[in-house]
Each structure stands twice: as structure tokens, then as C-alpha cells.
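Observations on chain architecture
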Amino acid sequence: MNRLKAIADGQDIESVVHDEVLSREPVLTIQDFSLYYGRKQALHHITMPIAKGLVTALVGPSGCGKSTLLRSVNRMNDLIDSVSIEGDMVLGKDSIFAPGVDVIQLRKRMGMVFQKPNPFPMSIFENVVYPLRIDGERNKSTLMQVCEQSLRGAALWDEVKDRLGESGLGLSGGQQQRLCIARAIASDPEVLLLDEPCSALDPIATSKIEDLIEKLKGDYSILIVTHNMQQASRISDHTAFMYLGRLVEMGPTSTIFTRPKLQETEDYITGRFG
């Protein structure tokens, strides 16, 4: 059976999720999740766990639904009027789609970093402490402590500690992305969502972000979308291969890249298509 051909023909397939992934404690569980833009179905019955304290990479060809799935995790797709969903996602023990869920509080539990760095037009200090400001925190010592802690966590403190009053827009692209990561971790989230965070960066800045992800792992559970196979192999613990809105195979990264269970996964990983 060629699973990719079956998917292209509109058939549902059974995803292969390795036992090593299923045996890990999940921070987030995606349960039979489907998403529609109007009548067009973009995600099809995705079931997968996101392991606590590890890095999970979503890989697959452009348009396969990686970013759509990532944005569903913190309900950013709610902002699109035509979107409807089926299934559920459970963060800890809480359904993120349950009636009455405070979406603002939910997003504090899941920091988001986008493909293009998006610092706010304010100082480096105010960029970092923004999540605390909107929570009403006004204590200067608390704000300063969180700012330093977050910038250190994002491996940026030594580069900007004497420039905290300067605009975040004056930083280099790589520094801006680390500033956005600092802002994301300032509210101490359970999960970090990274949507191709290095695609707009040069190789040196990319290397710094990858080193940072390795340092943040453990303190945070990280779900990253990447189109770069080499990056996925370097930084992730688990890799999930998606195709046309469906999960095909998910397993430990070392296994997915060296001995996947499916020929279709091997064909994609080795560059035979996509």
C-alpha cells in the first residue's frame, strides 16, 4: 500500500506512531483532530502526543498542514471566521477547546514564536516584560528580575544588558528572534510553539537559535515546525511526518531518520520527493 497515493486519492490512512513516543509522558495530546476552512478539510483525524520536556518536530512538504496544526494548539485559528474543528487537544488534563476556556490564559501556557521575528515597537525591556504588563504587574523589581531571567534564558542578556532602554527593532534579525523567545518564556509557559523560527535567519543566527532550543529543552516542552530536515535531525527528540493534512509516521528522531517503519517516510526524509 502506498500511503501517500492513498492520501492524495482522498483516502484516510492509519498513522504509525512508534511505541517509544507513546511511552513518554505527554504534556499535550492531540486527539482525532480535524480542521476545516469552510468546506475544505485541511487537517484529517490527527492523533499524536507531544512529550513533556522534549523537542517534537513537525516535518513535511509545504502545504501539508504543519503550521495549521501548530496554530491550532494555541487556538490562533479561532481568528479565522470560516474555521471549524472536530476532535480535541488536551493540555495536561484540560481540553483546550472546552466551553468556557479562557483563550488568553491558555496562550500564556503556550508561548508562540513566529517565522519572522516580530518584536514590538518598544524598548528591549518592555518587549520582554509585555506578558507581565498585560497581567497588571507593576513592581519594578519583579519586572527587572523576569526581564533578566528571560533574556538569560534566551541567551541574549550579555548582548543587550546595557541597551535595555533601546528599541527592540534596532537588534539584528537573530537577536530579534531571541528577543521574541525571551518574551515567549517570560510568562513561564508549559509549551513553546516555534513556527519555522530560523527560516528568515542566516546560518550563524540559526546556529544560535538551535543551541538555544537545546538549552530550553527540559524546562519547556517544544513543538517546532521546520522545513529543514537537517535541523529537525539536529535538534528534535521526536519527529512527526505529515502529508496533505494527515500524520503519516511519528517516532524518535534517530529512528525516523535512519530506520523508519514506512517506505514513504524514508522517501521523504531522503529527499526522493517533496
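Just above, that's the structure.
The present account deals with the structure reproduced in this document. (Residues numbered from 1 in each chain as written. Predicted model: local features only at pLDDT ≥ 70, side-chain atom pairs only at ≥ 80, totals over all residues. Heavy atoms only, no water.)

Within the fold, Thr255 resides in helix α11 (residues 253-258). Dropping the residues within four chain positions of it, Thr255 is found in contact with His18 and Pro260. (Helix = DSSP H or I, 4+ residues; strand = E, 2+ residues; numbered from the N terminus. Contact = heavy atoms within 4.5 Å.)

Moving on, we come to the pattern of salt bridges. For the structure on display, the rule yields 16 salt bridges. With its nearest N and O atoms 2.7 Å apart, the salt bridge here joins Arg75 to Asp78. Take Asp78: its relative accessible area is 39%, and that puts it in the partly exposed class. A salt bridge links Glu214 to Lys217; its shortest N-O distance comes to 3.5 Å. According to the relative accessible area criterion, Glu214 is partly exposed, its value standing at 41%. By sharing partners, the salt bridges in this structure join Asp94, Arg109 and Glu190 into a single network. (Salt bridge = Lys/Arg side-chain N within 4 Å of Asp/Glu carboxyl O. Buried < 20%, exposed > 50% of the residue type's maximum accessible area, 1.4 Å probe, protein only.)

What follows deals with the sheet that holds strand β2 (residues 26-37). Spatial ordering of the open sheet is given by β3-β2-β5-β6, a layout of 4 strands whose pairing is antiparallel. Sheet topology places β3 (40-51) and β6 (94-95) at the edges, where each strand pairs with a single neighbour. In terms of strand pairing, β2 meets strand β5 (residues 83-91) through 8 bridges, oriented antiparallel. Looking across to β5, one finds that Gln31 is bridged to Asp88. (Pairing = 2+ DSSP bridges.)

Strand pairing in a sheet takes place through backbone hydrogen bonds and is either antiparallel or parallel in direction. Strand order across the open sheet formed by 7 strands is β1-β11-β10-β4-β9-β8-β7, with mixed pairing between neighbours. The sheet terminates laterally at β1 (16-17) and β7 (110-113), the two strands that pair on one side only. Pairing of β1 with strand β11 (residues 246-252) involves 2 bridges; the strand directions are parallel. The residue bridging Val17 from the neighbouring strand is Met250, located in β11. Its contacts with the sheet place helix α8 (residues 173-185) against β7 and β8 (191-195), and it is angled at close to 165° to β7. Helix α9 (residues 203-216) contacts β4 (55-59), β8 and β9 (221-225) of the sheet and is inclined by roughly 150° relative to β9. (Axes fitted to C-alpha atoms, helices over the stretch in contact; angles between N-to-C directions.)

Assignment of secondary structure puts Thr253 in helix α11. Separated by 2.7 Å, the side chains of Thr253 and Ser236 make a polar contact. With near-sequence residues (within four places) excluded, Thr253 lies in contact with Ala232, Ser233, Ser236, Asp237, His238 and Thr239. (Polar contact = N/O pair within 3.5 Å; in protein donor to acceptor, adjacent residues only side chain to side chain.)

With that settled, consider helix α3 (residues 66-73). Each α-helix winds once per 3.6 residues, and so residues spaced three or four apart point in a common direction. Of all 8 residues in α3, 6 are buried; the element is thus mostly enclosed. Remark: Arg75 follows α3 within two positions and exhibits a positive phi of approximately 65°.

Attention shifts here to unusual backbone geometry. Of note in the backbone geometry, Glu196 takes a positive phi value of approximately 45° without being a glycine. When you line up the elements, Glu196 lands in the loop between β8 and α9. Although it is not a glycine, Leu244 adopts a positive phi angle of roughly 45°. When you line up the elements, Leu244 lands in the loop between β10 (238-243) and β11.

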